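Remarks on the overall topology
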Amino acid sequence: MKVTIVDVGPDEEEEIIFKCKSLDENMVEIINRFKQGGGKLTAYKGGGMFFIEPEDVFYFESVEQKVFAYCKSEVYQVKSKLYELLDELPGWKFVRVSKSVILNLNKIKSLTPAFSGRYEALLKNGEKVIISRQYVGSLKESLGV
């Protein structure tokens, strides 16, 4: 891969041009990271503001009109709505698994069927998340199964 950097004048807009034979998954991820501008999420806890990496989030959950980011051992509040997070994190492996939860596919340890067509995801931090039956199909598609 060749990388070319060109200085722009003060009146010119900065731009990134990708030339590729085919747009594979890695290229899409790189493009989406540029679009998000740095990739960190602004989160809040105990009156402080924190910047967290999306890959550190196990899942996002909406509770009483507030959205929380669950990391390995910390829970933060984020100001975005769930549907906004899906738009903000296009290059990451996040998928909606219920009306109130977005799950990081890279944090799933195992999936087991539950009753009524639902599934239960055991995460790498030991937590369990229920996947609603309406979202099981899209989860399987995202996982390639």
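Our subject is the structure that appears above.
Attention in this report is confined to the structure presented alongside it. Since the model is a prediction, treat every value here as computed from it, not as a measurement.

1. Notes on the overall build of the protein
When helices and strands are counted, the protein shows three helices and 10 strands. Across the protein, helices and strands are ordered from the amino to the carboxyl terminus as α-β-β-β-β-β-α-β-β-β-β-β-α. Evaluated residue by residue, the protein yields a buried proportion of 29% over its 145 residues. A separation of at least 24 residues holds for 37% of the contacts in the protein among residues at least 6 apart in sequence. Just so you have it, the protein exposes about 10,200 Å², and 50% of that area is on carbon and sulfur atoms. The centroid of the 21 positive side-chain charges in the protein is displaced by 10 Å from the centroid of its 21 negative side-chain charges.

2. Some details on the pattern of salt bridges
Within this structure, the stated rule accounts for three salt bridges. When the shortest N-O distance is used, the salt bridge between Lys 40 and Glu 53 registers 3.2 Å. On the criterion of sequence distance, the pair formed by Lys 40 in the loop between α1 (25-36) and β1 (41-45) and Glu 53 in the loop between β2 (48-52) and β3 (59-63) is long-range, its members being 13 residues apart. Measuring nitrogen to oxygen at the nearest pair gives 2.1 Å for the salt bridge that ties Glu 74 to Lys 45. With Glu 74 in the loop between β4 (66-70) and β5 (75-78) and Lys 45 in strand β1, this pair connects stretches of sequence that are 29 residues apart. Residue classification places Lys 45 among the partly exposed positions, given a relative accessible area of 34%.

3. A closer look at the side chain of Asn 104
By secondary structure assignment, the location of Asn 104 is in strand β7 (residues 101-104). One polar contact links the side chain of Asn 104 to the main-chain carbonyl oxygen of Val 57, over a distance of 2.8 Å. In this view, Asn 104 contacts Pro 54, Glu 55, Val 57, Phe 58, Lys 93 and Phe 94; residues no more than four positions away in its chain are not counted.

4. Let's talk about unusual backbone geometry
Residues other than glycine seldom take positive phi values, yet Glu 64 does so here, at roughly 50°. Topologically, Glu 64 is positioned in the loop between β3 and β4.

What counts, and where the lines are drawn
Residues numbered from 1 in each chain as written. Predicted model: local features only at pLDDT ≥ 70, side-chain atom pairs only at ≥ 80, totals over all residues. Heavy atoms only, no water. Helix = DSSP H or I, 4+ residues; strand = E, 2+ residues; numbered from the N terminus. Buried < 20%, exposed > 50% of the residue type's maximum accessible area, 1.4 Å probe, protein only. Contact = heavy atoms within 4.5 Å. Areas by Shrake-Rupley, 256 points an atom, 1.4 Å probe, with all protein chains shown as cover. Lys, Arg positive; Asp, Glu negative; His and termini not counted. Charge placed at Lys NZ, Arg CZ, Asp CG, Glu CD. Salt bridge = Lys/Arg side-chain N within 4 Å of Asp/Glu carboxyl O. Polar contact = N/O pair within 3.5 Å; in protein donor to acceptor, adjacent residues only side chain to side chain.

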